[in-house]
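# Tertiary structure, described
Chain residues, written in single-letter form:
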Amino acid sequence: MIRLRWSVLSAVVVVAAVGFGPAAQATTPVTITVGQAVTGQSGPGFAGFSYEKDRIGAGMFDARDTNLVNLFRLLGPSTLRLGGNLVDMVAWNSNGTGGSAKEIAPSDVDKLAGFVKATGWKVLYGINLKTNTPSGAADEAAYAAKALGSGLAAFEIGNEPNYYRSEPAYETSYGSYVKAIHAKVPTALFDGPGSASDTSWLTPFATHERANSLAVLSMHTYIGPDTGASISGMLASTAPGGTLSRQWSALAAAKAAGGIGQWRMTEANSYFHGGAAGVSDVQAAALWALDFMYGIASHDGAGVNFHGGTSTQFPLHYSPIVFAGLNPTGVQAVYYAELLWSLAGAGPVRAATVSGASSVSSWGIGGNVIVNNKGSSPLTATVRLATPASKVSAYPLTAPSLTSKAITIAGSGVTASAAFHPMPQQLTVSGGAVTVAVPAGSAVLVVTT
């Protein structure tokens, strides 16, 4: 398995083209110039996962599952959020024997801790709010904090409380839970409010709770219900001025108003209730996820936890990792987007100007560049790099069509055991620019040193 480290990736171009045509279709020439204004940061851990909390008791997270460990590790160290609807349905049982999806027992948390240590990831650990008490929450939090150690990033109180509490009522609950947890874990940090698509909670919560150990301002979002899923709607959802864009802007504004260290989409994916087959699990979803991550990064966001895994509620078509029971059997669209983003590395995010095609957007990450083509024609993209480069390699993310699951990066898929053997193409830099051919419905990662 080849592991590409961020430290060796100094410049990147990602080009996502939407739409397909005949093989002989004319190529559209595009010129991209990266600006200097910084709108955010992309760092290690930007692309993470969100799983239902009952998966802890079910035994999904086991250091002996080398396939799942390696699939996590291939993305580099990141953040696993454990919550979802099931967080408010699964109770903590300090005397439980473990191994049941219906409750969380000490041995289950110990197994999770071993998995987290093996992967190098950190955990946003959800705490039941609906059917719990502050003292019960504190008991679980104390055990989780001890077991997870440095692998614990923060606690999250409840899931999408805007569906069953008012914002002031949730703040009251949050305050009582924080107080009880701090009595046992004085250094505990928290994320919140974790409201679903409702931005009205963000500024009051950030302002009121900034001195109450709120480390991460969080929110959840989806495009809409799975019954309305479509590739065209998914790809259009990230357009400037749309619902998602307004959410990102609201989060950035609330973070600044409250003086919070970071904001993060701790649960997100394409369409809620598991997404839709043929939309959320195909190449189009990989291209959508790239746009979605850029939207977060360009609005000063710290990252996203794409929801996935398995659920007792409904099939999760959008899951980055595919499972048979508790066993990973492979990866699909969103995972490939996360992998490409992770390979792009860390750095300041910058806007770029595009000439030659009105349907193409572009941005920079450090000395890297991302170009996103919404048109139906293949591109010849001439990218004017922000920093000098002498060596260039291209990693195409390709599939036969937008509706295909046969996705590869630089000619290699990712197997269930996380084997990944990309064979990048070598390009030439001339006059501070690099030209790359981009097939329709594909993405290309160009790495320069």
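Scroll up a little and you will see the structure.
Notes on the structure in this doc start here. Predicted, not measured: the structure shown is a model, and the values here were computed from it.

### Points about the sheet that holds strand E3 (residues 47–52)
The strand order E3-E4-E7-E8-E9-E10-E12-E14 describes a closed barrel built from 8 strands, whose pairing is parallel. Averaged over all neighbouring strand pairs, the angle between strand axes comes to 25°, with direction disregarded. Alignment of E3 against strand E4 (residues 79–83), held across 4 bridges, turns out to be parallel. Paired with Tyr 51 across the strands is Leu 82, a residue of E4. Sitting on the sheet, helix H6 (residues 202–209) is in contact with strand E9 (190–196) and strand E10 (214–221), with an inclination near 165° to E10. This element, helix H10 (residues 333–344), spans E3 and strand E14 (304–307) of the sheet and lies at about 145° to E3.

### Thoughts on helix H3 (residues 106–119)
Counting along an α-helix, one turn takes 3.6 residues, and residues three or four places apart therefore face a common direction. Between its terminal C-alpha atoms H3 stretches 20 Å, which fits the 20 Å expected from 14 residues at 1.5 Å a residue. Of the positions making up H3, those classed as buried are Pro 106, Asp 108, Val 109, Leu 112, Ala 113, Phe 115, Val 116 and Thr 119.

### Quick word on unusual backbone geometry
Following Gly 192, the chain continues to Pro 193 via a peptide bond in cis, the omega torsion being 5°. Relative to the elements of secondary structure, Pro 193 occurs in strand E9. You will see that Ser 197, though not glycine, has its phi angle at about 65°, which is positive. Mapping Ser 197 onto the fold places it in the loop between E9 and H6. Positive phi outside glycine occurs at Ala 410, with the angle close to 50°. By relative accessible area, Ala 410 is classed as buried at 5%.

Scoring rules and cut-offs
- Residues numbered from 1 in each chain as written.
- Predicted model: local features only at pLDDT ≥ 70, side-chain atom pairs only at ≥ 80, totals over all residues.
- Heavy atoms only, no water.
- Pairing = 2+ DSSP bridges.
- Helix = DSSP H or I, 4+ residues; strand = E, 2+ residues; numbered from the N terminus.
- Axes fitted to C-alpha atoms, helices over the stretch in contact; angles between N-to-C directions.
- Contact = heavy atoms within 4.5 Å.
- Expected span 1.5 Å × (residues − 1).
- Buried < 20%, exposed > 50% of the residue type's maximum accessible area, 1.4 Å probe, protein only.

Bear in mind that shape data such as this cannot, by itself, settle questions of function.
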